Amino acid sequence: MDQALHTKELARTGSTLLAADALDFRLLNDFQRGFPLAAHPWKVLAERLNCSATEVMARLACLQDAGKISRVGPVFAPNRIGASTLAAMAVPEAELPRVAAQVSAFPGVNHNYRREHRYNLWFVASAPDEASLARLLDDMGAITACPPIALPLVEEYHIDLGFDLASGRRTRHAVSPVQRQSLTRSEWQLIDLLHDGLPWVERPFQAMGDAAGLGEGRVLTTLSRWLADGTLRRFGVVVRHRELGWRANAMCVWQVPEAQVSAFGHALAAEDGVSLCYRRRTTSDWPYNLFCMIHGQGREAVEARRATLAAQVGLAAFPAAVLFSTDCYKQCGARYQAPLERAA
């Protein structure tokens, strides 16, 4: 879809992206993946956009300051380094602000949302390994007096929030078995430097390479290798969808017989409008094993798409729930710790 069609679609939907000009939109939309891993990446972008590298850096910095992007950097595939889980708490309404703030204060929490359900606080927690993750959740329960349930990933069907901001079209990726990476100390240092994204300097990979003791060439080679082997889902502009008009999103869940969940999951993930789709472990109090996320610019559109998907895929007969997000308490990239830091 060319820029003129993008603009028409944005005008029709009433997206807040109308406030952005054509250059801002392209920076937000076109480089969520496929970011140039080159010595002068801003210059490469500038050549594609017919502007200067200085303007590219300035515009991206302004978009970050305005909260429309979180960073320009990597998105790691789940459980390739460290361990993570989706978790939830049933919090009394009067206690929700306090508990949400306490949960968000943990460095291992990178997403924290309020959703419409008895389990009303949902977050993603990460730690160096499964034992550390269990301790982290225990600590959260002790501090908040609201024990969380852990719903770790069992099978991935589609996980990628980098979708077209005008049409909602996605890029599908090949799903490969989880292979936990063994990293060098310098690579762990590089990951730590990448948490907040690239710095706004002419040669950002050189700056990171110098800080990590790798050099610019090895940084670029390492990132390319991580993209190729699936350690990284993508590298590019990480947008904040709520701030860009995609204000309605729902976590849709179904209770599917274990023998059938994989087939239904792959079928659901193949449909447009599904930004996340996976199987998660159940608990005695949470029977739903098939999850998908649907993003939209209005609640009615999300509800309609969910109903259509359930009918098309054949999920309408199974017990289900729809949990709309109402408040975002924390949204950032996962922060991973090196083994040396864990030992300390």
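The rules behind each value
- Residues numbered from 1 in each chain as written.
- Predicted model: local features only at pLDDT ≥ 70, side-chain atom pairs only at ≥ 80, totals over all residues.
- Heavy atoms only, no water.
- Helix = DSSP H or I, 4+ residues; strand = E, 2+ residues; numbered from the N terminus.
- Contact = heavy atoms within 4.5 Å.
- Phe/Tyr/Trp six-rings, centres within 6.5 Å; stacked < 30°, edge-to-face > 60°.
- Buried < 20%, exposed > 50% of the residue type's maximum accessible area, 1.4 Å probe, protein only.
- Pairing = 2+ DSSP bridges.
- Salt bridge = Lys/Arg side-chain N within 4 Å of Asp/Glu carboxyl O.
- Arc of directions from axis to C-beta.
- Polar contact = N/O pair within 3.5 Å; in protein donor to acceptor, adjacent residues only side chain to side chain.
- Core = buried A, V, L, I, M, F, W, Y, C linked by side-chain atoms within 4.5 Å.
- Axes fitted to C-alpha atoms, helices over the stretch in contact; angles between N-to-C directions.
- Parallel < 35°, antiparallel > 145°, perpendicular 65-115°, else oblique.
- Nonpolar A, V, L, I, M, F, W, Y, C, P; charged D, E, K, R; others polar.

Enquirer: Mind showing me how you'd approach the environment of V109 here?
Expert: Within the secondary structure, V109 sits in strand β3 (residues 109–115). In contact with V109, other than residues within four places in its own chain, are V103, F123, V124, M140, K330 and C332.

Enquirer: What is the right way to look at the packing of aromatic side chains in this model?
Expert: Note on aromatic pairs: each is described by the distance of the centres and the angle between the planes. Tallied over the entire structure, the rule returns eleven aromatic pairs. Here F35 and W42 contribute two aromatic rings whose centre-to-centre distance is 5.7 Å and whose plane-to-plane angle is 70°, an arrangement assigned as edge-to-face. Residue F35 is classed as buried on the basis of its relative accessible area of 5%. Their ring planes at 45° and their centres at 6.0 Å tell us that F205 and F235 sit as a pair that is tilted. Taken together, the residues F205 in helix α8 (residues 204–212) and F235 in strand β7 (residues 232–239) connect sequence positions 30 residues apart.

Enquirer: Explain the pairing of strand β10 (residues 290–296) here, please?
Expert: On a regular strand, each side chain points to the face opposite its neighbour's, so the side chains alternate between the two faces of the sheet. Counting buried residues in β10 gives seven out of seven residues, a clear majority hidden from the surface. Residues L290, C292, I294 and G296 point to one face of β10 and F291, M293 and H295 to the other, with burial holding for every one of them. Where strand β8 (residues 248–254) meets β10, seven bridges bridge the pair, whose relative direction is antiparallel. Note that in β10 the partner of C252 across the bridge is C292. Relative to β10, strand β9 (residues 276–280) runs antiparallel, the two sharing four bridges. The residue bridging L276 from the neighbouring strand is M293, located in β10.

Enquirer: I would appreciate a short explanation of the pattern of salt bridges in the present structure.
Expert: A pair can form between side chains of opposite charge whenever their charged atoms are brought close. Inspection of the entire model under this criterion finds 15 salt bridges. A salt bridge links D21 to R59, with the shortest nitrogen-to-oxygen separation between them at 2.7 Å. Taken together, the residues D21 in the loop between α1 (3–13) and α2 (22–29) and R59 in helix α4 (residues 53–65) connect sequence positions 38 residues apart. The exposure class assigned to D21 is partly exposed, which follows from its relative accessible area of 36%. Residue E156 is joined to R233 by a salt bridge in which the shortest nitrogen-to-oxygen separation is 2.4 Å. Taken as a pair, E156 in strand β6 (residues 153–159) and R233 in strand β7 lie far apart in primary sequence, 77 residues in all.

Enquirer: Where do I start with helix α5 (residues 96–104) in this structure?
Expert: Residues three or four positions apart in an α-helix share a direction because the helix packs 3.6 residues into each turn. Looking only at α5, the buried set comprises L96, V99, A100, V103 and S104. The buried residues of α5 occupy an angular sector of 130° when the element is viewed end-on, so they sit on one face. Packing partners of the buried residues in α5 comprise β2 (83–89), β3, β4 (121–127), α6 (130–144) and β11 (320–331).

Enquirer: What is the right way to look at the side chain of E187 in this model?
Expert: As for its placement among the helices and strands, E187 is situated in helix α7 (residues 185–194). For E187, a relative accessible area of 6% puts it in the buried group. Here the side chain of E187 touches R225 through a polar contact of 2.8 Å, side chain to side chain.

Enquirer: I would appreciate a short explanation of the nonpolar core in the present structure.
Expert: Considering soluble globular proteins, one finds that nonpolar side chains tend to be buried as a cluster. Grouped together as the largest cluster of nonpolar side chains are 36 residues, with contacts concentrated most on W42, L60 and L198. Every element with two or more residues in this core is listed here: α2, α3 (41–49), α4, β1 (69–76), α7, α8, α9 (216–229) and β7. Dropping the residues within four chain positions of it, L198 is found in contact with F35, W42, V72, P204, F205, M208 and F235. One finds W254, V256, A310 and V313 within the second-largest nonpolar core, a separate group that totals 22 residues.

Enquirer: Looking at this structure, how should I read the pairing of β2?
Expert: Within β2, seven of the seven residues are buried, which leaves it mostly tucked inside the rest of the structure. Taking every second residue as pointing to the same face, both faces of β2 are buried, with A83, T85, A87 and M89 on one and S84, L86 and A88 on the other. Bridge count between β2 and β4: seven bridges; the pairing is antiparallel. Within β4, the residue paired with A88 across the bridge is W122. In terms of strand pairing, β2 meets strand β5 (residues 149–151) through three bridges, oriented antiparallel. Within β5, the position partnered with A88 by the bridge is I149.

Enquirer: Could you clarify how one ought to interpret the packing of α8 against α9 in this entry?
Expert: The description of two packed helices rests on the angle between their axes and on the distance between the axes. One can describe the packing of α8 onto α9 by two numbers: an axis separation of 7 Å at closest approach and a directional angle of 105°. With respect to their mutual orientation, α8 and α9 come out roughly perpendicular. Where α8 abuts α9, its residues F205, Q206, M208 and G209 lie against E216, V219, L220 and L223. Its residues assigned to classes, the contact of α8 with α9 comprises five nonpolar, two polar and one charged.

Enquirer: How do you make sense of the side chain of T144 when you look at a structure like this?
Expert: Structurally, T144 is set in helix α6. At a separation of 2.7 Å, a polar atom in the side chain of T144 contacts the main-chain carbonyl oxygen of M140. Excluding its chain neighbours within four sequence positions, the residues that come into contact with T144 are M89, R98, V99, Q102 and V103.

Enquirer: What's the story with unusual backbone geometry in this structure? I'm lost.
Expert: Most peptide bonds are trans, and most residues other than glycine sit at a negative phi. Phi at N50 is positive, roughly 60°, even though this residue is not glycine. Classification of N50 by relative accessible area gives exposed; the value is 75%.

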